[in-house]
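Chain and residue survey
Residue-level listing of the chains:
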Amino acid sequence: MVVQATLSLFGSFFVMLLAGVPISAGIGIASVITALFSMPADIFALIAAQRCFSGLDSFSLLALPFFTLGGNIMNKGGIARRLIRLARLLVGKIPGYLAATNVLANMFFGAVSGSSVAATSAMGSILSPLEAEEGYDPNFSAAVNICSAPTGILIPPSGPLILYSITAGGVSVAALFMGGYLTGILLGLCVAALTIYLAVKKGYKASTVKEDASALRVWIDAVPSLLAVIIVMGGILGGFFTATEAGVVMCLYCLLLAVVYREISFETFYNMLADTMKSSATILFLIAASSIMSYVMSYSGIPAAISEGLMSISSNRYVILLIMNVFLLIMGCFLDLTPAVLIFTPIFLPIATSIGMSPVHFGLMLITNLGIGSVTPPVGSCLFVGCGVAKVKIEGVTKYIIPLFVGMVVALLLITFIPAIPMIVPYLCGLVDTFWWA
């Protein structure tokens, strides 16, 4: 029964995925097909309705649209440009400084917006023309922008980490956020190191651009934007507000900055609200459909069967984690981040905890995996946005993405097999009991 259910569920889902059926609809249809093999249709209809409602009946889910809106405001409200000026000031003496600026700016922007796609769009649209003026290969510039953007979903605040927390049954958002700092910084440093190496090989020089404003002025302009991180994280860790309330505070603060900078109009704000509503509706529909799939998988015993299968291959935690990483990297090429989190968390989290891995550590490993998947074809969201903004083709960008991808995988392996990297900061903050294997 388990084998039949597994083949029916995932087989029908991937057939519909290849046929171009929307992911949310594919998840729901595959769940219905599988469930009808083992229970009456009228009973399943009632259960499915209940699961959809219970999956969406969460106060924590309100954080997602608020953080999405905050990222949109930052993108259009002049905040991104000020962060780029600060990043350029900090890395001006490094060969290929504009490419290095892109990496650091994506880390800054991710730390404020929590969106890799928003970072790809914002940084690419501003830096691509500047890099073209200084003779950078557009394909190289686009590849650096694409591969450094996933730091935005690790360095908090992060929508995907909130989504994982909800899907995993209430893993501490504060612990995930604090663990995301070293995780995201390590990923960014690996990309930056290879970026500088490639820039040296291509003969790109350090900055010769004279900044109109003084260094102090650049810092003063950027500090209000960076202050958003302190307000959000300080409020959460200090117990002043929840992650959802932090999203509201972040939106209000960023809107205030955009108004002060005079870079937002009523029409622009209306379009931001419309974009946020569309993306939030898509995510909520995915969550509802995935709630049905989670029930079907649990009822059919699929997670337990997969766990037994992995344990039968090896009882060594390092081998099991390596297999999980390879599988998630491959799946990340075909699934967007949101449905992947919803599908694979219920499957792999019990396995991870059974081998002594903290749910916080697993969540950061999972999001890192799927973030890397966002830069790979055929479904990489950052890849397509980055190529579109830079006006380059995927074939030309690929030769530069490959070495950067290797660096990202190295960071992933360090995050996976050295628990102290993602866990030490939450441990020092008193949010987890240990920074090693349980």
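See the structure above.
Heads up: these notes are all about the structure in this document. Nothing here was measured: the structure is a model prediction, and the numbers come from that model.

1. So, the packing of aromatic side chains
Overall, the coordinates contain ten aromatic pairs when judged by the stated rule. With a centroid separation of 5.6 Å and 75° between ring planes, the pair formed by Phe140 and Tyr400 is classed as edge-to-face. Placement of the pair is Phe140 in helix α8 (residues 138-148) and Tyr400 in helix α19 (residues 394-417), with a sequence separation of 260 residues. Geometrically, the ring pair formed by Tyr164 and Phe362 is tilted, given 6.2 Å between the ring centres and 50° between the ring planes. In this pair, Tyr164 is assigned in helix α9 (residues 159-167) and Phe362 in helix α17 (residues 359-373), connecting sequence segments 198 residues apart. Following the ring pairs from residue to residue traces out a cluster consisting of Tyr318, Phe417 and Trp437.

2. A look at the environment of Pro224
Position of Pro224 relative to the elements: it lies in helix α11 (residues 215-237). Pro224 sits 142 residues away from Arg82 along the chain, and the two C-alpha atoms are 9.7 Å apart. Those residues in contact with Pro224 that lie beyond four places of it in its chain are Tyr253, Leu257 and Tyr261.

3. Here's the deal with helix α10 (residues 173-202)
Relative to the 44 Å expected for 30 residues at 1.5 Å per residue, α10 spans 42 Å between its end C-alpha atoms, a close match to the ideal helical length. Maximum bend of α10: about 30°, positioned at Gly180. Of the residues flanking the start of α10, the one acting as N-cap is Ser172, its side-chain oxygen 3.4 Å from the backbone nitrogen of Ala174. Positive phi appears at Gly203, one or two residues downstream of α10, with a value of about 80°.

4. Digging into the packing of helix α2 (residues 23-35) against helix α13 (residues 266-300)
When two helices pack together, their arrangement is given by the angle between the helix axes and by the axis-to-axis distance. In the contact formed by α2 and α13, the axes pass within 9 Å of each other and the chain directions differ by 25°. Regarding the angle of α2 to α13, the classification is roughly parallel. In this structure, the crossing between α2 and α13 has a hand that is left-handed. From α2, Ile23, Ser24, Ala25, Ile27, Gly28, Ser31, Thr34 and Ala35 reach across to α13, where they touch Phe285, Leu286, Ala289, Ser290, Ile292, Met293, Val296 and Ser300. Looking at side-chain class alone, the contact of α2 with α13 contains ten nonpolar, six polar and no charged residues.

So, how was this worked out
Sequence order sets the numbering: in each chain, residues are counted from 1 along the sequence as written. Only residues with pLDDT of 70 or above have their local features reported here, since the model is predicted, and side-chain atom pairs are shown and tallied only from 80 upward, although totals for entire chains, interfaces and linings are computed over all residues. Excluding hydrogens and water, the side-chain figures rest on all heavy atoms present in the structure. Note on aromatic contacts: the rings of Phe and Tyr and the six-membered ring of Trp form a pair at centre separations within 6.5 Å, being stacked when their planes are under 30 degrees apart, edge-to-face when over 60 apart, and tilted otherwise. A run of H or I in DSSP becomes a helix once it reaches four residues, and a run of E becomes a strand once it reaches two; helices and strands are each numbered from the N terminus. In this description, contact between two residues means that some pair of their heavy atoms is separated by no more than 4.5 Å. What a helix is expected to span follows from its residue count: subtract one and scale by 1.5 Å. Bend, in this description, refers to the angle at a residue between axes fitted to the seven residues ending there and the seven starting there. Counting of polar contacts relies on pairs of N or O atoms within 3.5 Å, with two restrictions inside protein: one atom must be capable of donating a hydrogen and the other of accepting it, and residues adjacent in sequence are counted only when both atoms are side-chain atoms. Only C-alpha atoms enter the line fits that serve as axes; for helices the fit covers just the stretch in contact. Angles between N-to-C directions range over 0 to 180 degrees. Here roughly perpendicular refers to angles of 65 to 115 degrees, roughly parallel to angles under 35, roughly antiparallel to angles over 145, and oblique to all remaining angles. Whether a crossing is left-handed or right-handed is set by the direction in which the near helix is turned from the far one by less than a right angle, anticlockwise for left-handed and clockwise for right-handed. Under the scheme applied here, ten amino acids are nonpolar (Ala, Val, Leu, Ile, Met, Phe, Trp, Tyr, Cys and Pro), four are charged (Asp, Glu, Lys and Arg), and all others, including Gly, are polar.

These figures come from the coordinates and say nothing about function on their own.
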